Amino acid sequence: NSRTIALLSQLEKINSDSGLGESDNARHVTSKILHLVQSQEKTRKEMTSKGSTGIEVILSTLEVKSFHFCDYGFTAVLHFIIMKCGGRRASVLVTKGGTQILLQLLLTASKDSPPNEELMMLLHTLLAKIGPKDKKIGMKARINGVLNISLNLVKHNLQNHRLVLPCLQVLRVYSTNSVNAVSLGKNGVVELMFKIIGPFSKRNTSLMKVALDTLAALLKSKTNARRAVDRGYVQVLITIYVDWHRHDSRHRYMLIRKGVLQCIKSVTNIKLGRKAFIDANGMKILYNTSQECLAVRTLDPLVNTSSLIMRKCFPKNRLPLPTIKSAFHFQLPVIPASGPVAQLYNLPPDVDDVVDESDDNDDAETESEIETEIDDDKDQHFKNDDIETDINKLKPREELRRPIEELKMYEQFFPELSENFQEWDLVSKEPKPFVPDANLSGPIVVPTASEE
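The structure presented is a predicted model; accordingly, all values stated were derived computationally and were not measured. (Residues numbered from 1 in each chain as written. Predicted model: local features only at pLDDT ≥ 70, side-chain atom pairs only at ≥ 80, totals over all residues. Heavy atoms only, no water.)

Peer 1: Looking at this model, I keep getting lost on the overall build of the protein. Mind explaining?
Peer 2: On a plain count of helices and strands, the protein comes out with 23 helices and 2 strands. Here the protein, with 452 residues, has 38% of them falling under the buried criterion. Across the protein, every contact between residues at least 6 apart in sequence was considered, and the portion connecting residues at least 24 apart equals 71%. (Helix = DSSP H or I, 4+ residues; strand = E, 2+ residues; numbered from the N terminus. Buried < 20%, exposed > 50% of the residue type's maximum accessible area, 1.4 Å probe, protein only. Contact = heavy atoms within 4.5 Å.)

What follows is the structure, encoded as structure tokens:
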């Protein structure tokens, strides 16, 4: 009997009618519901309570009707409910099919010229909020053809940070899918991210943090990583990191500095990225900055990430190491005058003698890839090649230091190791197994001389 239920009933009736005055009625009902949701906590609880059909009625209206005012009004209602009621309502919205409806609404709204900025902002904010709750959102966005809508909005509104921020949050959600990351990379998203994170500036740090997270997700694709290396962006990332390290004396922007390191970590997953990092003097720069961060415990994530990057990019050498690179020197007993071992010993100290073939066969990455939509689970199935799992190889090999023939001289001192103590059956003339007597119990008593 509440006012909210009455308004929802009117809305359901409008959805089933096709009269001429339904547009005005929908406008009136929409404004009333939006006002109640924004002003009364009771209405919000009533629409999101267990058993309520409020969200379903709103989603069905967005799906079957096309009133511009209603689109904005009901999107605002959903936005207000999700923002006020938390992530649990976002999950409910996903289970009700809200992701598909919002993507379709985004596609419809993008066809207006010019598009409604407020509606676009609300739609992207909602998609960014429910995106982590929907593992299939990347595939749904690609199927509905809305991947480039957010990208084009960012391209044409770089100075409008109020609209760019939710668009970047949606792009970050899309980029977790490898196929989407490659598709967005072909349309220039990598270059666009570097325009946003460009020169050092402490203005709009929240925007830069989201842009760095999006770029780190995009650079996990080897195609995008190669594109970044070819355009010299590895040097740009190192320069940006050094600028933030110098200017952030109070360590207030540790998350931004870590975001830059995550981008460097992603781009160095490929061989070209590691080579570009070394050529840009990245090893020395990260080492020096890490030394300066050791005194501050809150900067441990920066030191850890820098250490991972340096370990990954440091040249690899085979044992034995005859150069100054190693703290230990393993001298071979016999070094031939010619051959591969002699060639290794004659190499100069700064040569990487291990051929890196980690990504030589990845040039056609994702071009012929069949989409399986399990990109979020790849990290869970990752296997570390450095850890040996074969039990037979882990067991130490026992080798005799002396031949067995020399050990036979000690048999007389240990007859129990060589004598056969089996009891013979006098009837069958065969040895029978030893069975202890069950009647024998207690200690064995040796008789004395008088008892004998």
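There's more to say after this.
Peer 1: It is not clear to me how the packing of helix α12 (residues 178-186) against helix α15 (residues 222-230) should be interpreted in this structure. Could you clarify?
Peer 2: The geometry of a pair of packed helices is captured by two quantities: the angle between their axes and the separation between those axes. Between α12 and α15, whose axes approach to 8 Å, the crossing angle comes to 30 degrees. By the angle between their directions, the pair α12 and α15 is classed as roughly parallel. Only T223, N224 and R227 of α15 make contact with α12, whose side of the interface consists of A181, V182, G185 and K186. (Axes fitted to C-alpha atoms, helices over the stretch in contact; angles between N-to-C directions. Parallel < 35°, antiparallel > 145°, perpendicular 65-115°, else oblique.)

Peer 1: Would you mind showing me how to read helix α14 (residues 205-218) here?
Peer 2: For an α-helix the count is 3.6 residues per turn, leaving residues at separations of three or four pointing the same way. The first and last C-alpha atoms of α14 sit 20 Å apart over 14 residues, in line with the 20 Å expected at 1.5 Å per residue. Counting buried positions along α14 yields 10 of 14 residues, so the element is predominantly enclosed. Inspection of α14 places L207, M208, V210, A211, L212, T214, L215, A216, A217 and L218 among the buried residues, and these make up the whole buried set. Buried residues in α14 make contact with α11 (161-174), α12, α13 (189-197), α15, α16 (233-247) and α17 (254-267). (Expected span 1.5 Å × (residues − 1).)

Peer 1: Looking at this structure, I do not really get the pattern of salt bridges. What am I missing?
Peer 2: Once the charged atoms of two side chains with opposite charge are near each other, the side chains can pair. Here the structure, examined in full by the defined rule, presents 8 salt bridges. Note that K209 is salt-bridged to D213, the shortest N-O span being 2.6 Å. Taken together, the positions of K209 and D213, both in helix α14 and 4 residues apart, correspond to about one turn of that helix. The exposure class of K209 is partly exposed, given its relative accessible area of 22%. Judged by its relative accessible area of 22%, D213 is partly exposed. Here D300 and R297 are joined by a salt bridge, their closest N and O atoms 3.3 Å apart. Overlapping salt bridges, with partners in common, bring together R172, K209 and D213 in one network. (Salt bridge = Lys/Arg side-chain N within 4 Å of Asp/Glu carboxyl O.)

Peer 1: Looking at this structure, how should I read the nonpolar core?
Peer 2: As a rule of thumb, nonpolar side chains are buried together in soluble globular proteins. Counting 99 residues, the largest nonpolar core has L168, Y174, M193, I197, L215 and F277 as its most contacted members. In terms of residue count, helix α8 (residues 117-130) provides more of this core than any other element does, 9 residues in total. Counting only domains with at least three residues in this core, you end up with domain 1 (1-85) and domain 2 (177-316). (Core = buried A, V, L, I, M, F, W, Y, C linked by side-chain atoms within 4.5 Å. Domains from an automatic or database assignment.)

Peer 1: What exactly am I supposed to notice about the side chain of R257 here?
Peer 2: Mapped onto the fold, R257 is located in helix α17. Classification of R257 by relative accessible area gives buried; the value is 1%. Here D248 takes part through its side chain, which lies 3.1 Å from a polar atom of the side chain of R257. R257 has contacts with Y241, W244, H245, D248, H251, C293, L299 and L302, leaving out every residue within four places of it along the chain. (Polar contact = N/O pair within 3.5 Å; in protein donor to acceptor, adjacent residues only side chain to side chain.)

Peer 1: Just to check I follow, could you spell out the environment of T4 for this structure?
Peer 2: With respect to the helices and strands, T4 occurs in helix α1 (residues 3-16). When the C-alpha atoms of T4 and V37 are compared, they prove to be 9.2 Å apart, with 33 residues separating the residues in sequence.

Peer 1: Would you take a moment to explain α11 for this structure?
Peer 2: For α11, with 14 residues, the first-to-last C-alpha span of 20 Å sits near the 20 Å given by 1.5 Å per residue. Of the residues making up α11, those classed as buried are L163, V164, P166, C167, L168, V170, L171, V173 and Y174.

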